[in-house]
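Okay, here's what each chain looks like letter by letter:
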Amino acid sequence: MRQLFLLVVSVPFFVLGCTPTVQVAAPKEPITINLNVKIEHQIYVKVDKALDDVISESSGLF
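Throughout what follows, the structure given in this document is the object of discussion. (Residues numbered from 1 in each chain as written. Predicted model: local features only at pLDDT ≥ 70, side-chain atom pairs only at ≥ 80, totals over all residues. Heavy atoms only, no water.)

1. A few points about the overall build of the protein
So, step 1. The helix and strand inventory of the protein stands at 2 helices and 0 strands.
So, step 2. Counting over 62 residues, the protein shows a buried share of 0%.
So, step 3. In the structure as shown, the protein presents an accessible area of about 6900 Å², 66% of it carried by carbon and sulfur atoms. (Helix = DSSP H or I, 4+ residues; strand = E, 2+ residues; numbered from the N terminus. Buried < 20%, exposed > 50% of the residue type's maximum accessible area, 1.4 Å probe, protein only. Areas by Shrake-Rupley, 256 points an atom, 1.4 Å probe, with all protein chains shown as cover.)

Dropping the structure here:
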């Protein structure tokens, strides 16, 4: 009888010991995002300014 009582009492502790735990924690290192991007904006701006200069010099186009 005592063995049955110990079995009934100890089984829930074994079941609770096997349940997974989920922990949410902030990372210890900062998150770095490495973007290998080719930036061509400067070239487009220079070409756009050059075209504005050409168009404004020759007023006969428009």
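2. Describing a nonpolar patch on the surface
So, step 1. On the surface, Met 1, Leu 4, Leu 7, Val 8 and Val 11 cluster together into a nonpolar patch covering about 550 Å² of accessible area.
So, step 2. Inspection of the secondary structure puts Met 1 in the segment before helix H1 (2-17). (Patch = residues over 30% accessible without salt bridge, like charges linked within 9 Å, V, L, I, M, F, W, Y side chains within 5 Å. Salt bridge = Lys/Arg side-chain N within 4 Å of Asp/Glu carboxyl O.)

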